Amino acid sequence: MSNPKVGFVSLGCPKALVDSERILTQLRTEGYQISPSYENADVVVVNTCGFIDSAKAESLEAIGEALAENGKVIVTGCMGVEENVIREVHPSVLAVTGPQQYEEVVRAVHEAAPPNLEHDPFTDLVPPQGIKLTPRHYAYLKISEGCNHRCSFCIIPSMRGDLVSRPVGDVLDEAQRLVNAGVKEILVISQDTSAYGVDLKYRSGFWNGRPVKTRMTELCSALSEMGVWVRLHYVYPYPSVDEVIPLMAEGKILPYLDIPFQHASPRILKAMKRPAFEDKTLARIKKWREICPELTIRSTFIVGFPGETEEDFQYLLDWMSEAQLDRVGCFQYSPVEGAPANELADPVPDDVKQDRWERFMAHQQAISAARLQTKIGREISVLVDEIDEDGDAIGRSSADAPEIDGCVYLSSEKTLKPGDIVRAVVTDADEYDLWADVK
Ligand code: SF4
């Protein structure tokens, strides 16, 4: 009997990507082949994103495409919690499951395309790192599920529940397997990385026969022993963040913090119910940079939140001038079905939102560009991501996370390949990217 083939479409954030990888790893263990095209697949799984309306629209479109091209479609992921919406548009989908319901997705696949029972997982090996949807040299490491906060614009806690941290030994074992399989950069993700272990009261687990606390600092310290780049995403400015800055200054983990601040005006932050924000944040950023001058801070913001006045917005712009963040994304507020913020008074008109978004972007672009200019002439490490059709290497520095930040265009006499880490001198910069000569 031949092994059935599964097509897979993975939409959404890195957390959804890790869910996709887990489902695929399980299916491969059972002997399923992963099909790169719709036509050859026996069934197609679409892992959806339901975070904002445009993501939902994209998910519905992807389901429609998979139905048109293949006809047998299973839907999972964040939008899966809205089964009725999906079934209204696409009544013929075979099954709908929500985020992290790995077993149910796998069960639905079994029904649609029964597994080859002759497959022996002990002889037909799955690679030790599992199935990765990222290139071989970097991988996302998910350390927890869910979130204990209740930000008023967000429906993730209602979809994914409260924080559940993975055992620290399991997380470190997974990281070690990834490194053994050739991964050069680990990107730590969760909904709230700095809260890791709160639900377990930071209890000690075991890794390599020694106790390690289930806590961000101890996790970072253990990861730093693996000799690869370690990058932290979705960190909130709790006091504990101060503890990882020295690890960054010592070169043990990348000097990079992805902190979704979302706003700066205390009034708006209160309405957003954002965690761990207080007016000393600017002073703390300054202190972090004193300890670790190389630190890159990335963040995202929302403009046009209900009740945001011109004064609040101006406060945000002034704060940005002070904070001098390196990498920034900005969204115009849009209501998400089921979010408490929908009930707030004083919605901001669309034209005002657009105007504020444009002013915010222009303001920040000038800051980002000026910060990148200061890198010209400096020597940096670059991880090569790809070689373009002209044979030139494109990579990223410690300041650039894949997909969301800039890149470094390299010129080199040596032949490079993805996964190489080289030293290079920066020769030029624009608003997002750098150009550098390999030494
Ligand atoms: S911290 Fe806030 S925005 Fe982030 S997942 Fe939790 S509730 Fe949502």
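Quick caveat, the model's predicted, so the values are computed rather than measured.

Conventions adopted
Residues numbered from 1 in each chain as written. Predicted model: local features only at pLDDT ≥ 70, side-chain atom pairs only at ≥ 80, totals over all residues. Heavy atoms only, no water. Helix = DSSP H or I, 4+ residues; strand = E, 2+ residues; numbered from the N terminus. Rg over C-alpha atoms; globule rule 2.2 N^0.38 Å. Buried < 20%, exposed > 50% of the residue type's maximum accessible area, 1.4 Å probe, protein only. Contact = heavy atoms within 4.5 Å. Lys, Arg positive; Asp, Glu negative; His and termini not counted. Charge placed at Lys NZ, Arg CZ, Asp CG, Glu CD. Axes fitted to C-alpha atoms, helices over the stretch in contact; angles between N-to-C directions. Parallel < 35°, antiparallel > 145°, perpendicular 65-115°, else oblique. Left-handed = near helix turned anticlockwise from the far one by under 90°. Near = heavy atom within 4 Å. Nonpolar A, V, L, I, M, F, W, Y, C, P; charged D, E, K, R; others polar. Pairing = 2+ DSSP bridges. Patch = residues over 30% accessible without salt bridge, like charges linked within 9 Å, V, L, I, M, F, W, Y side chains within 5 Å. Areas by Shrake-Rupley, 256 points an atom, 1.4 Å probe, with all protein chains shown as cover. Salt bridge = Lys/Arg side-chain N within 4 Å of Asp/Glu carboxyl O. Core = buried A, V, L, I, M, F, W, Y, C linked by side-chain atoms within 4.5 Å. Phe/Tyr/Trp six-rings, centres within 6.5 Å; stacked < 30°, edge-to-face > 60°. Lys NZ or Arg CZ within 6 Å of the ring centre and 35° of its normal. Arc of directions from axis to C-beta. 1 Å grid on protein atoms, 1.4 Å probe; cavity = no way out; pocket = protein on both sides within 12 Å on 5 of 7 lines; lining within 4 Å. Points joined across faces, edges and corners; volume = space filled by probe spheres on them. UniProt positions renumbered as here; feature names shortened; annotations may be inferred.

With respect to the overall build of the protein
Each helix and strand counted, the protein has twelve helices and 20 strands in total. Radius of gyration (C-alpha) of the protein: 23 Å, near the 22 Å computed for a compact globule of 439 residues. Each of the three principal axes of the protein carries a C-alpha extent, and together these read 65 × 55 × 50 Å. For the protein, buried positions account for 55% of its 439 residues. Counting only contacts in the protein whose residues sit at least 6 apart along the sequence, the fraction spanning at least 24 positions is 73%. In the protein, the 45 positive side-chain charges and the 68 negative ones have mean positions that sit 7 Å from each other.

Thoughts on the packing of helix α6 (residues 168-180) against helix α7 (residues 216-223)
Contact pair α6 / α7: the axes reach a minimum separation of 11 Å and the direction vectors enclose 30°. When the interaxial angle is binned, α6 and α7 end up roughly parallel. Along this stretch, α6 crosses α7, giving a crossing that reads as right-handed. Here Val168, Val171, Leu172 and Ala175 of α6 come into contact with α7, specifically with Leu219, Ala222 and Leu223.

Comments concerning the site of the ligand
Residues in close proximity to the ligand include Cys147, His149, Cys151, Phe153, Cys154, Ile156, Pro157, Gln191, Tyr236 and Arg274, which together make up its full environment. Broken down by class, the residue content of the shell around the ligand amounts to seven nonpolar, two polar and one charged.

Some words on the sheet that holds strand β4 (residues 73-77)
Read from one edge of the open sheet, five strands run β2-β1-β3-β4-β5, paired in parallel fashion. The two strands at the open ends of the sheet, each matched to only one other strand, are β2 (33-35) and β5 (95-96). Of the strand pairs in this sheet, strand β1 (residues 5-10) and strand β3 (residues 43-48) are connected by five bridges, and their pairing is parallel. Following the sheet pairing, Gly7 is matched in β3 by Val44. Helix α1 (residues 14-29) contacts β1, β2, β3 and β4 of the sheet and is inclined by roughly 175° relative to β1.

Re a negative patch on the surface
Taken together, the side chains of Glu39, Glu58, Glu61, Glu65 and Glu69 define an acidic patch exposed on the protein surface. Tracing the backbone shows Glu61 in helix α2 (residues 53-69).

Topic: the pattern of salt bridges
In the structure shown here, the tally under the stated rule is 31 salt bridges. With a closest N to O distance of 2.8 Å, Arg166 and Glu174 form a salt bridge. For Arg166, a relative accessible area of 17% corresponds to the buried category. Among the ionic pairs, Arg396 bridges to Asp385, the shortest N-O distance being 2.7 Å.

A few points about the sheet that holds strand β19 (residues 421-429)
Taken in spatial order, the five strands line up as β16-β17-β18-β20-β19 and close into a barrel, and their pairing is mixed. Strand-to-strand twist of the sheet, defined as the mean angle between neighbouring strand axes without regard to direction, takes the value 50°.

Points about the nonpolar core
Of all hydrophobic cores here, the largest spans 54 residues; its most connected members are Leu232, Leu257, Leu325 and Phe360. Not counting chain neighbours up to four residues away, the residues in contact with Leu232 comprise Val188, Met216, Cys220, Val244, Met248, Ile253, Tyr256, Leu257 and Asp258.

So, the pairing of strand β17 (residues 393-396)
Both faces of β17 are covered, namely the face carrying Ala393 and Gly395 and the face carrying Ile394 and Arg396. Between strand β16 (residues 379-387) and β17, which pair antiparallel and follow one another directly, the connecting turn spans five residues, one of which, Gly391, has a positive phi of 90°. Summarising the sheet, β17 and strand β18 (residues 408-411) pair through two bridges and their orientation is antiparallel. Counterpart to Ile394 in the pairing with β18 is Tyr409.

Details of the packing of aromatic side chains
By convention here, two paired aromatic rings are described through the distance between centres and the angle between planes. Scanning the model with the defined rule gives eight aromatic pairs in all. For the pair Tyr138 and Tyr140, a centre-to-centre distance of 6.3 Å together with 90° between the ring planes defines the contact as edge-to-face. Exposure remark for Tyr138: the relative accessible area of 6% places this residue in the buried category. Note on Phe261 and Trp319: the rings are 5.2 Å apart at their centroids and 70° apart in plane angle, and the pair reads as edge-to-face. Taken together, the positions of Phe261 in the loop between β13 (256-258) and α9 (266-272) and Trp319 in helix α11 (residues 310-323) put the pair 58 residues apart, joining distant regions of the chain. An aromatic cluster is defined as three or more aromatic residues linked by ring pairs; in this entry it consists of Phe261, Phe301, Trp319 and Phe360. The residue whose ring lies beneath Arg215 is Tyr202, and the NZ or CZ to ring-centre distance is 5.6 Å.

Quick notes on the environment of Val336
Inspection of the secondary structure assignment puts Val336 in the loop between β15 (327-332) and α12 (350-373). Along the backbone, Val336 and Tyr256 are 80 residues apart, and their C-alpha atoms lie at a distance of 30 Å.

Description of helix α10 (residues 281-291)
Those residues of α10 not exposed but buried are Thr281, Arg284, Ile285, Trp288 and Arg289. Projected down its long axis, α10 carries its buried residues within an arc of 140°, all on one side. Summarising the geometry of α10, the exposed residues directed more than 90 degrees from the buried face are Lys286 and Glu290.

With respect to the layout of surface pockets
Considering only enclosed or pocket space, the second largest pocket measures out at about 590 Å³ in volume. Around the second largest pocket sit 30 residues that line it, and Pro255, Glu294, Ile380, Ser398 and Ala399 are the ones nearest its centre. For the lining of the second largest pocket, the residue count by class is 14 nonpolar, eight polar and eight charged.

Considering the UniProt feature "binding site: [4Fe-4S] cluster 2" (unreviewed entry) in the protein
Taken from the UniProt record, the annotation "binding site: [4Fe-4S] cluster 2" (unreviewed entry) applies to Cys147, Cys151 and Cys154. With respect to the helices and strands, the residue Cys147 is situated in the loop between β7 (144-145) and α5 (156-160). If we skip the residues at most four places from it in the chain, Cys147 touches Pro157, Gly161, Asp162, Leu163 and Gln191. Mapped onto the elements, Cys154 comes out in the loop between β7 and α5. According to the relative accessible area criterion, Cys154 is buried, its value standing at 17%. Not counting chain neighbours up to four residues away, the residues in contact with Cys154 comprise Phe51 and Ala339.

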